[in-house]
Amino acid sequence: MLTKADDYPIHQLPEPIAYAGTDRNFYDRYFFNGYSPDGAVFFAAALGVYPALNVMDGAFCVVDDGVQHNLRVSRVLGMERMDTRVGPLSVEVVEPLRSLRVRVDKHEHGIAADLTFHMRAEAIEEPRFTYRQGPRTIMDYTRLTQNGSYEGWIEIRGKRIEVKRDRFLGTRDRSWGIRPVGARDSQPVAPPPPSQFYWIWAPMNFEDRITLYHNNADGEGRPWNTHAVMAPTAAGAATHMASCSSDIAFKSGTRHARAATIRTVDEAGNAYRLELEPQWNFYMSGLGYTHPEWGHGHYRGALAIGYDVIETAKVNESEMHFLHVQAFSKATLTGSNGLERKGHGVLEQLIIGPHKPSGFAALSDGAK
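Residues numbered from 1 in each chain as written. Predicted model: local features only at pLDDT ≥ 70, side-chain atom pairs only at ≥ 80, totals over all residues. Heavy atoms only, no water.

Draft legend 1. Structural detail: the overall build of the protein chain. Secondary structure assignment for the protein chain yields 0 helices and 23 strands. By principal-axis analysis of the C-alpha atoms, the protein chain measures approximately 60 × 55 × 45 Å. Of all 368 residues assigned to the protein chain, the portion counted as buried reaches 55%. Intrachain contacts of the protein chain at a sequence separation of at least 6 include 60% that bridge at least 24 residues. (Helix = DSSP H or I, 4+ residues; strand = E, 2+ residues; numbered from the N terminus. Buried < 20%, exposed > 50% of the residue type's maximum accessible area, 1.4 Å probe, protein only. Contact = heavy atoms within 4.5 Å.)

Draft legend 2. Representation of unusual backbone geometry. Following Ala190, the chain continues into Pro191 via a peptide bond in cis, with omega recorded as -10°. Notably, Asp65 is not glycine yet its phi reads approximately 55°, a positive angle. Secondary-structure assignment places Asp65 in the loop between β3 (55-64) and β4 (67-76). Judged by relative accessible area, Asp65 falls into the exposed class, the value being 64%. Even without a glycine there, the phi angle at Met79 is positive, about 65°. Inspection of the secondary structure assignment puts Met79 in the loop between β4 and β5 (85-86).

Draft legend 3. A look at the packing of aromatic side chains. By the definition in use, this model includes 14 aromatic pairs. With 6.5 Å between their ring centres and 10° between their planes, Tyr30 and Phe32 make a pair best called stacked. Note on accessibility: Tyr30 and Phe32 belong to one class, buried. For the ring pair Tyr283 and Phe322, a centre distance of 5.3 Å and an interplane angle of 70° mean the geometry is edge-to-face. Highlighted residues: Tyr283 in strand β20 (residues 271-283) and Phe322 in the loop between β21 (303-311) and β22 (325-335), separated in sequence by 39 residues. The rings of Tyr35, Phe42, Trp280, Phe282 and Phe328 are connected pair by pair, giving a single aromatic cluster. Against the face of Trp201 rests Arg143, its NZ or CZ located 5.0 Å from the ring centre. (Phe/Tyr/Trp six-rings, centres within 6.5 Å; stacked < 30°, edge-to-face > 60°. Lys NZ or Arg CZ within 6 Å of the ring centre and 35° of its normal.)

Keep in mind these numbers describe shape, not what the thing actually does.
And the structure:
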């Protein structure tokens, strides 16, 4: 099965590009978020390819006046991975590792957009994510993360929002590899392990630099993948921190942060402290994460388009499909030599099951 990608020198196996090894959970994914300086306007987009499932899907979401509009799309891949369009949504690589374009053509649900991402800092390769349950590999993927700015426009049911470069900032990522996609596994590893996942991700934008932090941890609070980076917005190498940690104070009755502190130390021993003040939550179910019907990689026919809205102030934050959030956050960075910067970004949180340091003991119990 030859496809367009086979004309490019990108092969890594003695197979056509259409075949991505033997694991049905292989995926290849784009993610974008962006926001105005005050967080009043927030948007996010995603597009995923699942070669072994022969599915491509995606979503575009925008929050305005406290309402989150969610457009979700899915189609049969047809084994052609170079056509990165699903219905009205498309992603174009304008200049690799520097500029990408996300478009949403006008359609019946009244959302349209034309947004170009421009890098503010070099793309960062995160440590490889490998997670096993007994003998079974659940996750094994690589991800790059890059902070940038956007220009273009968004329309929501006749209202046009101008997105001006260097005013609307945000983050994109690209990940590829193995993680659970499509239908649930019909036979989990024996004995079935308890549900547990702890994930914190905090990409921040400041005037002259960006910071990244993430933490995957087990139920005891032991990180199995954690890392932190600081990088200049001008040309220059990123600083990969020698150590990093975080403390989160949760809103009562929820698993969502009301405040967070991230501490890092570089190889030279310089210490930094990042204080985050979450303002409100963007719900990742808009992009399909933990969504009961629009989960990633699910077959929904030749072409499917769905739309709904979430009134963010009325969400029951304890419901499972609302646990996964990106909280628009104000950020204060302090460090050696009198460093102090104000900025903003997102604090992504997905906490399922026990996490002893947070006081969580059951599947979705909230903070005391």
